[in-house]
Amino acid sequence: MKTSIATVSISGDLREKLAAIAAAGFDGVEIFENDFLAFDGGPRDVGRMVRDHGLEITLFQPFRDFEGMPEPQRSRAFDRAERKFDVMQELGTDLMLVCSNVSPVSLGGIDRTADDFNELGECAAKRGLRVGYEALAWGRHVSDHRDAWEIVRRTDRPNIGLILDSFHTLARKIDVNSIRAIPGDRIFIVQLADAPLIEMDLLYWSRHFRNMPGEGDLPVVDFMRAVAATGYDGPLSLEIFNDQFRGGSPKSISVDGRRSLLYLMDKVRRLEPDIAIDVPSMPDRIEASGIEFVEFAADEAEAQELAGMFRTLGFAPAGRHISKDVTVWRQGGINLVINTEREGFAHSSYLVHGTSVCDIGLKVENASATVERARALVAEPFQQTVGRGELKIPAIRSVGGGVMHFIDEKTELARVWDIEFTPLAGDEYPAAAGLRRIDHIAQTMNYEEMLTWVLFYTSIFATDRTPMVDVVDPGGLIRSQAIESADGDLRITLNGAESRRTLAGHFIAESFGSAVQHVAFLTEDIFATAKALKENGFRSLKISRNYYDDLEARFGLEAGFAGRLREENILYDREGEGEYFQLYSPNYGEGFFFEIVERRGGYTGYGAANAQFRIAAQKRALRPKGMPRQ
Ligand SMILES: O=C(O)c1ccc(O)c(O)c1
Ligand SMILES: [Mg+2]
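Residues numbered from 1 in each chain as written. Chains lettered and ligands numbered in written order. Predicted model: local features only at pLDDT ≥ 70, side-chain atom pairs only at ≥ 80, totals over all residues. Heavy atoms only, no water.

Trainee: When you look at the UniProt feature "binding site: Mg(2+)" (unreviewed entry) in the protein in this model, what are you seeing that I'm missing?
Mentor: Residues given the UniProt feature "binding site: Mg(2+)" (unreviewed entry) here are His 440, His 518 and Glu 595. Separation in sequence by 156 residues is not matched in space for these annotated residues, since their most distant C-alpha atoms are only 9.3 Å apart. With respect to the helices and strands, His 440 occurs in strand 17 (residues 435-446). According to the relative accessible area criterion, His 440 is buried, its value standing at 2%. Among residues more than four places away in sequence, those in contact with His 440 are Arg 491, Thr 493, His 518, Val 519, Ala 520, Tyr 580, Glu 595, Arg 599 and Tyr 606. Among the polar contacts listed, one links the side chain of His 440 to the side chain of His 518, at a separation of 3.4 Å. Tracing the sequence through the fold places Glu 595 in strand 25 (residues 593-600). In this structure, Glu 595 is in contact with His 440, His 518, Val 519, Ala 520, Phe 521, Tyr 580, Gln 582, Leu 583 and Tyr 584, ignoring residues within four places of it in sequence. (UniProt positions renumbered as here; feature names shortened; annotations may be inferred. Helix = DSSP H or I, 4+ residues; strand = E, 2+ residues; numbered from the N terminus. Buried < 20%, exposed > 50% of the residue type's maximum accessible area, 1.4 Å probe, protein only. Contact = heavy atoms within 4.5 Å. Polar contact = N/O pair within 3.5 Å; in protein donor to acceptor, adjacent residues only side chain to side chain.)

Okay, here's the thing in structure tokens:
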């Protein structure tokens, strides 16, 4: 499988773009004409630079408003084409993209258009060049790949072929099976893009909202299955016009691009076992059955403070690491680890981010297969020196600089707590509060990074994303989206902040990067838990009285029940038969906190409707007395 990406898809100048594209492992690059025009060097220099990066130029594009023109525009279009052929030869590429004409003066007409391509094909053939025709979804006369293909077919020249672009076909909801009838060798290149489903003008949607396959809502897999059926084996080329990507990190967007293509083709191969698809083999998406541990990096003083918080939550120290300054605190099936080592990853994470979650342990069926899939999808494996008596636990770098370890039952990894830790009695600790397992963890990031995280999680793990919801913080909007396994065993919520004035934005700024902002524990009886916590000295986040008045009215709650919620500062939500209860800890440091939830009757959400009131309460609690409101 040859992978390629259009230079228009990422930020930077041409030099930066090529470096990032090459580093992410692409084979080729589409040179978008404007990137070339803006470059301070001739076409030969660009060609050399591309090849020096080990890349090839898969396509030069776009050539606009060519076909079906009256005179004198027609002759001018041919003159223009000759000039671009000169450039292409110097660049060292043989393929030009002609996108369907949008000019109001164009005449259309299938025979006229085929004649134009016939003549252009003759000119190109003299130089050994090829021309591909792409139907823009908003083309004046041709806006459907089926019409573009009919024109190419009538031209009947080997150097005139079709260019397919998933966006144009899928945005117009054209039946992808129509692709299956096209001979693969007449398709010169396949461009791929996804997009979120938003009702809007096609051109505007295409130029601003495209994203990587798997990041949006279009059936790109069905499109690619149809392409695979044609026998096409040329480059798969990303062409992503996206406002955020234009301002994003070229390195990270390029990696997302490669990951999206590998993930896409892995899916296609599994769905089309009879078609030979050349994609590196990798284990199927990994089923994760929950979070085995959450590890905090801290210094001694903050470790004490954190431990104090764990204690009020009903956790007790369960083990001390055999050789490291690492303690595991336990309650039910929850393991919270505090690492105060002065070296290693946790320490460097502490130096950069301060006290924060540096590592997440996921329970999987096969830990080494998990790393194998992650590596195949260009994630970075993580390793550090393993001390005597310690296990080598498979791990990767997750997005945002954190680490993710994998624990399975297959091997002795599941016994890590017995093998690497000396048990602690923890007798003098207050009673457990009924916390059973980690319900979810919430990771906070800049909004622009959200697609990167979504693709990371959904491509490696058997998870899906929920629709994005908006959460109102007094300082701005937070976009929230969950990644979850089908049975809800693994739940991670991603919160994207656009403004530093939000609690989430403040947290990212203060912790120097995206991080876990809260961990939510599951209880089976929120009222019993609230009572036990109170006895442990836990002080819950105080929620406004107005919230409870509204709750009572909104859900028609009995006054007594609403009163109990109010008394315990428990937030409530309902979804059909399902009910959700939430209790919050105070903030720790710059905005980290714990949540306790109970799910009744199959409630599957996260209480998004309550988030605004929780955030307002947290902001009140954060504001030092006498400080002006934001
Ligand atoms: O938006 C455009 O004009 C445009 C240009 C070239 C393409 O390949 C394309 O898909 C869109
Ligand atoms: Mg295109």
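Trainee: What is the right way to read the packing of helix 18 (residues 526-535) against helix 20 (residues 559-568) from this model?
Mentor: The relative placement of two packed helices comes down to the angle between their axes together with the axis-to-axis distance. Between helix 18 and helix 20, the shortest axis-to-axis distance is 11 Å and the interhelical angle comes to 35 degrees. Here helix 18 runs over helix 20; the crossing is left-handed. Side by side, helix 18 and helix 20 meet where Phe 527, Ala 530 and Lys 534 of the first sit next to Phe 561, Arg 564, Leu 565 and Glu 568 of the second. By residue class, the composition of the contact of helix 18 with helix 20 is four nonpolar, no polar and three charged. (Axes fitted to C-alpha atoms, helices over the stretch in contact; angles between N-to-C directions. Left-handed = near helix turned anticlockwise from the far one by under 90°. Nonpolar A, V, L, I, M, F, W, Y, C, P; charged D, E, K, R; others polar.)

Trainee: Explanation requested: the domain arrangement of the protein in the structure shown.
Mentor: By a frequent convention, interface size equals the accessible area lost on bringing the separate parts together. Entries for the protein in the domain assignment read domain 1 (3-271), domain 2 (288-423) and domain 3 (435-620). The C-alpha-based centres of domain 1 and domain 2 are spaced at 45 Å. With seven residues of domain 1 in contact, the opposing surface of domain 2 contributes five residues. Across the interface of domain 1 and domain 2, roughly 500 Å² is buried in total on both sides, 55% from carbon and sulfur atoms. The interface formed by domain 1 and domain 2 contains one salt bridge. Residues Arg 373 and Asp 266 are paired through a salt bridge, measuring 2.9 Å at the closest nitrogen-oxygen approach. When the residues that make up the side of domain 1 that touches domain 2 are grouped by side-chain class, the tally is three nonpolar, no polar and four charged. (Domains from an automatic or database assignment. Buried area = accessible area lost by both parts, 1.4 Å probe. Salt bridge = Lys/Arg side-chain N within 4 Å of Asp/Glu carboxyl O.)

Trainee: What am I meant to see in the site of ligand 1 here?
Mentor: In the region of ligand 1, 14 residues are neighbours, and Arg 64, Glu 134, His 168, Arg 207 and Glu 239 sit closest. Between ligand 1 and Glu 134 there is a distance of 2.7 Å, counted from an oxygen atom to a side-chain nitrogen or oxygen. Side-chain polar atom of His 168 to an oxygen atom of ligand 1: 2.7 Å apart, as the coordinates give it. Here ligand 1 loses 100% of its free accessible area of 290 Å² to cover by the protein chains. Of the residues that constitute the shell around ligand 1, the class distribution is five nonpolar, three polar and six charged. (Near = heavy atom within 4 Å. Areas by Shrake-Rupley, 256 points an atom, 1.4 Å probe, with all protein chains shown as cover.)

Trainee: Any chance you could explain the sheet that holds strand 11 (residues 326-331) here in plain terms?
Mentor: Ordered in space as 14-15-13-9-12-11-10-16, the eight strands form an open sheet in which the pairing is mixed. One side of each edge strand has no neighbouring strand; the edge strands of this open sheet are strand 14 (395-397) and strand 16 (421-423). Averaged over all adjacent pairs, the angle separating strand axes in this sheet is 30 degrees, with direction ignored. Pairing of strand 9 (residues 288-297) with strand 12 (residues 334-339), which is carried by four bridges, proceeds in the parallel orientation. The residue of strand 12 that forms the bridge with Glu 295 is Val 337. Sitting on the sheet, helix 13 (residues 344-353) is in contact with strand 9, strand 12, strand 13 (356-364), strand 14 and strand 15 (403-407), with an inclination near 135 degrees to strand 13. (Pairing = 2+ DSSP bridges.)

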